Structures are given as structure tokens and as C-alpha cells.
Amino acid sequence: MEGYYDYLFLLQPSDAVKEQIRHCKLKACEYIGHYQGMKATAHLSICEITRQKPHVIDSYLQTVKNKANSIPPVSLEINGFDFFMHSNEHMTIYAAIKPTYKTDNWFALLKKLLNSKRPLTPHITVTRYIPVNDFYKLWPELRQVRYQDSFVANRLTILEKETFKPNAKYNIREEIYFKNELKAQY
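These numbers were taken from a predicted model, which means no experiment stands behind them.

A. Structural view of the packing of helix α1 (residues 15–32) against helix α4 (residues 132–142). One way to put it is that α1 packs onto α4 with a least axis distance of 9 Å and a crossing angle of 125 degrees. Considered as vectors, α1 and α4 are oriented oblique to each other. Considering how the two elements wind past one another, α1 and α4 form a crossing that is right-handed. Here Ala 28, Tyr 31 and Ile 32 of α1 come into contact with α4, specifically with Asp 134, Lys 137, Leu 138 and Glu 141. Partitioned by chemical class, the residues of the contact of α1 with α4 number 4 nonpolar, no polar and 3 charged.

As C-alpha cells, then:
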């Protein structure tokens, strides 16, 4: 019997952006100590599909691959930091992706391609789901940092892990490049 797998669809920023976010995570440790996700590689999560059989996801990925070829790569700009509030007890601090007409439409197209219904605020997480007290220690320092950068999102990375395996880690299943190519339909 085949096992079940979880899939995470994400965009990877440039190596320079990954390094800068890694630096921010290390600086955060100086203010709040160790926290979950501090060693995670910088990325933009797009959607997640859980508890799938591999043969089901195979056909879905083939459809995604065929459609993704027609999407152009997009240039994304990072414009400082912002945060999400999770109830009154936890916060997430992230590097904000500057919204533009072009990027809003591009993300809407990507969500449609993936059939994702959940709202999407494009961002790169620095600290995820930290206690409010830690947020108030870190935010006054981080919000003063003027971080502006840009990178080209040229591929969709699909990560995979076993659903019911304790301590399973995500591994790259596939990378699908945005090529801006239209394929003839016969």
C-alpha cells in the first residue's frame, strides 16, 4: 500500500536574499533566543496539499507543469518588514513583498493554476508564530531596518514529505520553471 504525502508549493528567492533573511533570523536569536523555524531556508509559501497518494499528485503536477510553462518569470521587490497577528498570543514577522498591479495579477494567475483558494500575502518569513512577548522584544529593532531588495521568481518548487512519518522533513520533489512559452493546441 502506498503511503500518504504532504506537498508544499513555494517560490525560492535569490541566494543573496536567502543570505540576508538568514542573517535576520540569526539577529532575531540575539533578542529572543532560539525559536522554531530559525534554521528554515527563506522562501515564499504559495500553497500546501496534504494527505495525497503519489499517483494522484502525479497527474496534478503534470497539469501544473503544462500550464506553468506559459507563465513568465516575475521580478519581486522586498520592501521592509511587516507582521501577522495570530490570535492575541502569537505573531509572525516577515520581509514584505511590495504589491504592484503586475505582481498581484501574477500571483492571482499562479493561485488559479494551482487551484488554491486560500488568501495569499506574498512574504518571506523571518520569525514564525513567536509569542507576543518575544515579538515586542524584536519588533522595535527589526522595524527600523530598511531592507529593500529584489529577485526574479523563475520557478515553482514542490516539496514532499511523508504525512504520517514522525519528524519527516520536506525534500524537493520537483522544480517547474516559468518559461513564458505558449504551446500550440492541436
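B. Representation of the pattern of salt bridges within the structure. Applying the stated criterion to the full structure yields 7 salt bridges. The salt bridge involving Lys 27 is made with Glu 30; its shortest N-O contact spans 3.3 Å. Of this pair, Lys 27 and Glu 30 both sit in helix α1, 3 residues apart, which is roughly one turn of the helix. Across the pair Arg 173 and Glu 160 runs a salt bridge whose closest N-O atoms are separated by 3.1 Å. Of this pair, Arg 173 sits in strand β8 (residues 171–177) while Glu 160 sits in strand β7 (residues 155–162), placing them 13 residues apart in sequence. Relative accessible area serves as the criterion here: at 26%, Arg 173 is assigned to the partly exposed category. Linked by salt bridges that have partners in common, Asp 58, Glu 160 and Arg 173 make up one network.

C. Region of the structure containing the sheet that holds strand β1 (residues 5–11). Taken together, 4 strands build an open sheet; the order of strands is β2-β1-β7-β8 and the sheet is antiparallel. If you trace the sheet from one side to the other, it starts and ends with β2 (44–52) and β8, each paired once. Taken over all neighbouring pairs, the strand axes of this sheet differ in orientation by 20 degrees on average, direction set aside. The pairing of β1 with β2 spans 6 bridges and is antiparallel. Across the sheet, residue Tyr 5 finds its bridge partner in β2, namely Gln 52. Set on the sheet, helix α2 (residues 54–68) makes contact with β1, β2, β7 and β8; between it and β8 the angle comes to about 30 degrees. Helix-sheet contacts for helix α3 (residues 101–114) involve β1, β2 and β7, and the interaxial angle to β2 is about 10 degrees.

D. Region of the structure containing the layout of surface pockets. Taken as a whole, the largest pocket holds about 1,300 Å³ of empty space. Surrounding the largest pocket, 36 residues form its lining, Leu 8, Ala 40, His 43, Ser 45 and Arg 128 being those nearest its centre. At the level of secondary structure, the elements contributing two or more residues to the lining of the largest pocket comprise β1, β2, β3 (74–86), β5 (123–131) and β7. Sorting elements by how many residues they give to the lining of the largest pocket places β5 first, with 7 residues. Taken together, the residues of the lining of the largest pocket break down into 17 nonpolar, 13 polar and 6 charged.

Quick notes on the rules
- Residues numbered from 1 in each chain as written.
- Predicted model: local features only at pLDDT ≥ 70, side-chain atom pairs only at ≥ 80, totals over all residues.
- Heavy atoms only, no water.
- Axes fitted to C-alpha atoms, helices over the stretch in contact; angles between N-to-C directions.
- Helix = DSSP H or I, 4+ residues; strand = E, 2+ residues; numbered from the N terminus.
- Parallel < 35°, antiparallel > 145°, perpendicular 65-115°, else oblique.
- Left-handed = near helix turned anticlockwise from the far one by under 90°.
- Contact = heavy atoms within 4.5 Å.
- Nonpolar A, V, L, I, M, F, W, Y, C, P; charged D, E, K, R; others polar.
- Salt bridge = Lys/Arg side-chain N within 4 Å of Asp/Glu carboxyl O.
- Buried < 20%, exposed > 50% of the residue type's maximum accessible area, 1.4 Å probe, protein only.
- Pairing = 2+ DSSP bridges.
- 1 Å grid on protein atoms, 1.4 Å probe; cavity = no way out; pocket = protein on both sides within 12 Å on 5 of 7 lines; lining within 4 Å.
- Points joined across faces, edges and corners; volume = space filled by probe spheres on them.

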